[in-house]
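# Results of the structural survey
Single-letter residue listing:
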Amino acid sequence: VFNRHKDNPPSWAQFDHTYGKYFDNWTPAPTQTPQAYDMHKHARKMREHSSPGIDGWRPAEVRVLPRSAWQCREKVINLAIELRTFPTVYRNGLNPAIPKKADSDKPLDQRVLSIFPALYRVEMGAWYRILAPWFNSHLHPAMHGGANGHEALEVSWGAQADFEDALLRDVDLLFAAIDYY
């Protein structure tokens, strides 16, 4: 994102002037970056036996790194922001497709995984913890999935009731489910 808008950085004031009327009580996202404490805490919560990252680090190894290691990572993040570029390895991930059904090579029968460096997972997880309260405070009540208290399945009961009502009244109804991840 930083490199894409390097010559013409986004302006919150311009965005607010153009689109502000569509948002009630909208505030910019926090600018705080993950601190060593946040990353250390997040690393300690990693599942020990989950897959290693493409950087070769296993979660069991990342979990035992001392806080001083995360102080160094905090410096890397701050330098990346200052230079407006993150480590190249952060822009690449592995995306293996694991068959959902045995011996199927059809695209819809595959589960695509995203594998990133273990350090990236810790740093971005800590950053997510900073951004989540802001994100949740701006989430439209009709949006579900990807946020605490907004389980994607919660929408199912309401949608089912709407479908049944539409069938009884013989009216057309459209339901859209968007996977934005």
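In this report, we go over the structure that sits alongside the text. These numbers were taken from a predicted model, which means no experiment stands behind them.

Calculation criteria
- Residues numbered from 1 in each chain as written.
- Predicted model: local features only at pLDDT ≥ 70, side-chain atom pairs only at ≥ 80, totals over all residues.
- Heavy atoms only, no water.
- Helix = DSSP H or I, 4+ residues; strand = E, 2+ residues; numbered from the N terminus.
- Rg over C-alpha atoms; globule rule 2.2 N^0.38 Å.
- Buried < 20%, exposed > 50% of the residue type's maximum accessible area, 1.4 Å probe, protein only.
- Contact = heavy atoms within 4.5 Å.
- Areas by Shrake-Rupley, 256 points an atom, 1.4 Å probe, with all protein chains shown as cover.
- Lys, Arg positive; Asp, Glu negative; His and termini not counted.
- Charge placed at Lys NZ, Arg CZ, Asp CG, Glu CD.
- Salt bridge = Lys/Arg side-chain N within 4 Å of Asp/Glu carboxyl O.
- Axes fitted to C-alpha atoms, helices over the stretch in contact; angles between N-to-C directions.
- Parallel < 35°, antiparallel > 145°, perpendicular 65-115°, else oblique.
- Left-handed = near helix turned anticlockwise from the far one by under 90°.
- Nonpolar A, V, L, I, M, F, W, Y, C, P; charged D, E, K, R; others polar.
- Polar contact = N/O pair within 3.5 Å; in protein donor to acceptor, adjacent residues only side chain to side chain.

## Section: the overall build of the chain
On a plain count of helices and strands, the chain comes out with six helices and two strands. Going from the N terminus to the C terminus, the chain shows its helices and strands as α-α-α-α-β-β-α-α. Computed over C-alpha atoms, the radius of gyration of the chain comes to 21 Å, more than 25% over the 16 Å expected from 2.2 N^0.38 for 181 residues, which places it beyond the range of a compact globule. Across its three principal directions, the C-alpha atoms of the chain cover 65 × 55 × 30 Å. Out of the 181 residues belonging to the chain, those deemed buried represent 22%. Put simply, of all contacts in the chain between residues at least 6 apart along the chain, 58% involve residues at least 24 apart. As presented, the chain carries roughly 13,900 Å² of accessible surface, and 56% of it is formed by carbon and sulfur atoms. Placing the 21 positive and 21 negative side-chain charges of the chain at their respective mean positions leaves the two points 10 Å apart.

## Describing the pattern of salt bridges
For the structure on display, the rule yields four salt bridges. Notably, a salt bridge pairs Arg 73 with Glu 123, separated by 2.6 Å at the nearest N-O pair. Here Arg 73, found in helix 4 (residues 67-83), pairs with Glu 123, found in helix 5 (residues 118-138); they are 50 residues apart in sequence, far enough to count as distant.

## Considerations on the packing of helix 2 (residues 36-44) against helix 5
Two elements in contact, helix 2 and helix 5, have axes whose closest approach is 8 Å; the angle formed by their N-to-C orientations is 110°. The orientation of helix 2 with respect to helix 5, classified from their angle, is roughly perpendicular. As for the relative orientation of helix 2 and helix 5, their crossing is right-handed in sense. Together, Asp 38, Met 39, His 42 and Ala 43 of helix 2 and Arg 121, Val 122, Glu 123, Gly 125, Ala 126, Arg 129 and Ile 130 of helix 5 make up the contact between the two elements. Residue classes in the contact of helix 2 with helix 5 are distributed as five nonpolar, two polar and four charged.

## Focus on unusual backbone geometry
Even without a glycine there, the phi angle at Arg 84 is positive, about 65°. Positive phi values are uncommon outside glycine, yet Asp 103 reaches one of about 60°. Here Asp 103 shows up in the loop between strand 1 (97-99) and strand 2 (110-112). Residue class for Asp 103 comes out exposed when judged on its relative accessible area of 83%.

## Focus: the side chain of Glu 74
Structurally, Glu 74 is set in helix 4. Among buried charged residues, Glu 74 stands out as having no salt bridge; its nearest opposite-charge side chain is Lys 75, 8.7 Å away. Engagement of the side chain of Glu 74 in a polar contact is seen with the backbone nitrogen of Ala 36, the distance being 2.7 Å. With sequence-adjacent residues up to four places away left out, Glu 74 is seen in contact with Pro 34, Gln 35, Ala 36 and Met 39.

## Regarding the packing of helix 4 against helix 5
For any two helices packed against each other, one specifies the inter-axial angle together with the distance between the axes. Across the interface, helix 4 lies against helix 5 with an axial gap of 12 Å and an inter-helix angle of 75°. Between helix 4 and helix 5, the crossing angle belongs to the class labelled roughly perpendicular. Along the contact surface, helix 4 presents Trp 70, Arg 73, Ile 77 and Ile 81, while helix 5 presents Leu 119, Val 122, Glu 123 and Trp 127. Class assignment for the residues of the contact of helix 4 with helix 5 results in six nonpolar, no polar and two charged.

Fair warning: the whole summary comes from geometry, so function is off the table for now.
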